[in-house]
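Each chain, written out:
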Amino acid sequence: MIPSGRDLVDAALRAALQRAVAELGWPAEAGAMPLAVERPGDPAHGDHATSIAMRLAKPLRRPPLEIAEAIRQRMPPSEPIASVEVAKPGFVNVRLADEWVAKQADAIAAAGADYGRSTHLAGRRIQVEFISANPTGPMTVANARGGPIGDALANVFAFAGAAVHREYYVEDGGTQMKRFGVSVAVRYRQLLGEEAELPADAYQGEYVKDIAAQIRDRHGDRYRDLSIDEQAKVFAPMAIDWVVADAQRVTAKLGIRFDTWFKQSSFIESGYLEDTIRELRKRGVIVDREGVVFFETPEAVALTREGEEGWVLVDAQGDPKYLGTDIAYHRLCLEERGFDLKLNVWGANTQYHLQQMKIALPVLGIDPARFEVVLYQYVRFVHEGVLTRMGRRTGRFLLLEDVVEAVGADVARWFFLQAGADRTLDFDFELAVQQSNENPAYYVQYAHARIVSIFRTAAERGLSADGADVSLLVAPAEVALVKALLRFPELLDDIRDRRAVHLLTVYALELAGTFHAYYRDHRVVGDDEALSRARLRLVQAVQVTLRQVLGLLGISAPEHM
RNA sequence: GACCCCGUAGCUCAGUGGAUAGAGCACUUGACUUCGAAUCAAGUUGUCGCGCGUUCGAGUCGCGCCGGGGUCGCCA
């Protein structure tokens, strides 16, 4: 594990601050204050800086410049740090030593696939649940947004040593299932030549016919004499199998592999849901009214919306509702299945549900910090010239599979990961296909392919990075390039802290750009053999880092394009 | 009406309390007999929606407006 520049600077500043606290008799709390080491925008201000002196000025009742100076004087000389300066309002600016930076190219290249790997989350068992669309139809672009987000987040957690579990929650227990089953039954009857009409609240999509046809092909008219409700009951699980198979095929095309496809019906049938409601009852938060089971606490009442009767867990027919099953499901994951943290990637429509869950889980003694949600905003698409919200029941949607077929998995993943989760995404299919050749994903992949090509050229001339002397990397652009690489582990810290995977794409673009510029001005394979070897080592370190970033994004790092 | 998200360059978006607010696309002009031109270089682009507040310091935090998107089911 290579400590990042920020970690080194942070540790040195921390030590200096604590020394100052001890020697100058400052209050002990001052030594524990977060340093918040940052990167100055202006290179003239060094590589890392802290504003701690300004923030300590008031509690210590001393001018910031004096505090900054006290810290600066107590920074011991060290190999990575070239200089420490105090600047105007009270910044402490730290500059890394070029020689040390250059050396890191060696370390990064040697680390290879382990570059950036850490133990920050070692021992943590994290379930990342994502996509989990209502299993009543094929996967659309709207459902799919959680896919790359959840998958990349899981990658980042695993890379930090967590035991990560990717879960697709198959919600096959609710009322939508009955509706779905009836829809299939109607189509089945129609295929057998009977008169049957789709109810208004049924699923209208063409795929329902496909499912019915599949049942007819496999079972013929075996179910002809059943009532429509009986047919619905028999067909619903078959229809779910069809939908899950579709989701498995399409997510696989996007490069996503789940550890479990966990069925909601499993814990309803096992009695765990009932047990959970008994438990809630024991805690005195259940109220029964006219056969309906409500969750009721003062907090819940305060949040309850106008016109809403209450928070229904089970309806008068005995059918469990979303909140009821979800409380049981989360209890199952966090109390029985052994996850320390359950992180869900959910669509924006669950915003109210999320607030309900935050109130309900602590009632069962579950620490709400163990339940987290990355809420992403909608994906809209251009439908007949207008931006439209996708909906399966309305039949207005864009299939993920069609998009992946048209632009490829790499470009599709990039699209979903390029912006923060809380920004609405608009997708124009025609435009996406048309512009896929100038996609930013290719800009990054091209940098990688270019590096592979450099090594091909080097090999033809019998050159490699073996025995490179990286102290020859003294050009400013070379030092800058290594510094860009050194940001990678810091970036991973930020992504974990903020659950913000889109930062990977931002960084990938910057790194590729820095490399492309370097490539133009500096010949890697040249006449000077020693310098060529050193530069090959540098380029190798860039390749290693690009691979890591692309790998975490789930985007391929091609040798040719 | 309540609640959630967004408002930053012509467009798509970074920037999550620091110093002179950035990148890609688009536009203009240059650069391939030399490691891949899916690239690079140079040029142009801003009332950070508006107002008030907190702070040594606000695009960033709080409050209030304005504009856009979303949710408000015994659906999930």
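So, how was this worked out
- Residues numbered from 1 in each chain as written.
- Chains lettered and ligands numbered in written order.
- Predicted model: local features only at pLDDT ≥ 70, side-chain atom pairs only at ≥ 80, totals over all residues.
- Heavy atoms only, no water.
- Pairing = 2+ DSSP bridges.
- Helix = DSSP H or I, 4+ residues; strand = E, 2+ residues; numbered from the N terminus.
- Axes fitted to C-alpha atoms, helices over the stretch in contact; angles between N-to-C directions.
- Contact = heavy atoms within 4.5 Å.
- Phe/Tyr/Trp six-rings, centres within 6.5 Å; stacked < 30°, edge-to-face > 60°.
- Buried < 20%, exposed > 50% of the residue type's maximum accessible area, 1.4 Å probe, protein only.
- Lys NZ or Arg CZ within 6 Å of the ring centre and 35° of its normal.
- Salt bridge = Lys/Arg side-chain N within 4 Å of Asp/Glu carboxyl O.
- Core = buried A, V, L, I, M, F, W, Y, C linked by side-chain atoms within 4.5 Å.
- Near = heavy atom within 4 Å.

Visitor: Hey, could you go over the sheet that holds strand S11 (residues 371–376) for me, with residue numbers and the actual values?
Guide: The five strands are arranged S6-S5-S4-S10-S11 in an open sheet whose pairing can be described as parallel. The sheet terminates laterally at strand S6 (260–263) and S11, the two strands that pair on one side only. Direction aside, the axes of adjacent strands within the sheet are offset by 30° on average. Of the strand pairs in this sheet, strand S4 (residues 125–130) and strand S5 (residues 163–170) are connected by five bridges, and their pairing is parallel. Paired with glutamate 129 across the strands is glutamate 167, a residue of S5. Against the sheet, helix H7 (residues 146–159) engages S4, S5, strand S10 (341–347) and S11, with an angle of about 170° to S4. Strand contacts of helix H14 (residues 322–336): S4, S5, S6, S10 and S11, with the helix running at about 145° to S10, the strand carrying the most contacts.

Visitor: Requested: an account of the packing of aromatic side chains, with residues and values cited.
Guide: The final tally for this structure, using the stated rule, is 20 aromatic pairs. Both rings, one in phenylalanine 488 and one in tyrosine 507, keep their centres 6.1 Å apart while their planes meet at 20°; by these two values the pair is stacked. On the criterion of sequence distance, the pair formed by phenylalanine 488 in helix H20 (residues 476–498) and tyrosine 507 in helix H21 (residues 503–521) is long-range, its members being 19 residues apart. Like tyrosine 507, phenylalanine 488 is buried. Joined through ring pairs, the aromatic side chains of Phe130, Tyr168, Phe258 and Trp261 make up one cluster. We note arginine 289 situated over the ring of phenylalanine 294; from NZ or CZ to the ring centre the distance is 4.3 Å.

Visitor: Give a detailed account of the pattern of salt bridges, specifying residues and quantitative values.
Guide: What the rule picks out here adds up to 41 salt bridges. Put simply, aspartate 494 and arginine 6 hold a salt bridge, and the shortest N to O gap is 3.3 Å. Note that aspartate 494 is positioned in helix H20 and arginine 6 in helix H1 (residues 5–24), a separation of 488 residues in sequence. The partner of arginine 249 in a salt bridge is aspartate 246, and the shortest N-O contact between them spans 3.2 Å. Of the two residues, arginine 249 and aspartate 246 are both situated in helix H10 (residues 228–253); the distance of three residues between them amounts to about one turn of the helix. Through salt bridges that share partners, Asp246, Arg249, Lys253, Glu401 and Glu405 make up one connected network.

Visitor: Any details on the nonpolar core? Residues and values, ideally.
Guide: Among the nonpolar cores identified, the biggest contains 148 residues, and Leu13, Phe180, Val184 and Phe488 are the most heavily contacted of them. Sorting elements by how many residues they give to this core places helix H22 (residues 529–553) first, with 12 residues. With near-sequence residues (within four places) excluded, phenylalanine 180 lies in contact with Pro135, Thr136, Gly137, Tyr203, Tyr207, Val208, Ile211, Ala239 and Val243. One finds Leu280, Trp311, Ala328 and Met357 within the second-largest nonpolar core, a separate group that totals 35 residues.

Visitor: With reference to specific residues and values, describe the pairing of strand S2 (residues 81–87).
Guide: Two strands pair when backbone bridges link them, and S2 and strand S3 (residues 91–96) are joined in this way by six bridges, in the antiparallel orientation. Paired with serine 83 across the two strands is arginine 95, which belongs to S3. Connecting S2 to the next strand, S3, in antiparallel fashion are three residues, including glycine 90 with a positive phi near 150°.

Visitor: I'd like a description of the protein's contact with RNA strand B, backed by residues and values.
Guide: What surrounds RNA strand B is a group of 60 residues, the closest being Glu171, Gln176, Asp422, Ser453 and Arg520. Each atom of RNA strand B within 4 Å of the protein belongs either to a base or to sugar and phosphate, the latter forming 61%. Of all the secondary structure elements, the ones that give two or more residues to the surface near RNA strand B are helix H3 (52–60), S3, helix H8 (175–191), helix H15 (351–363), helix H19 (440–460) and H21. At eight residues, the largest contribution of residues to the surface near RNA strand B is made by H19.

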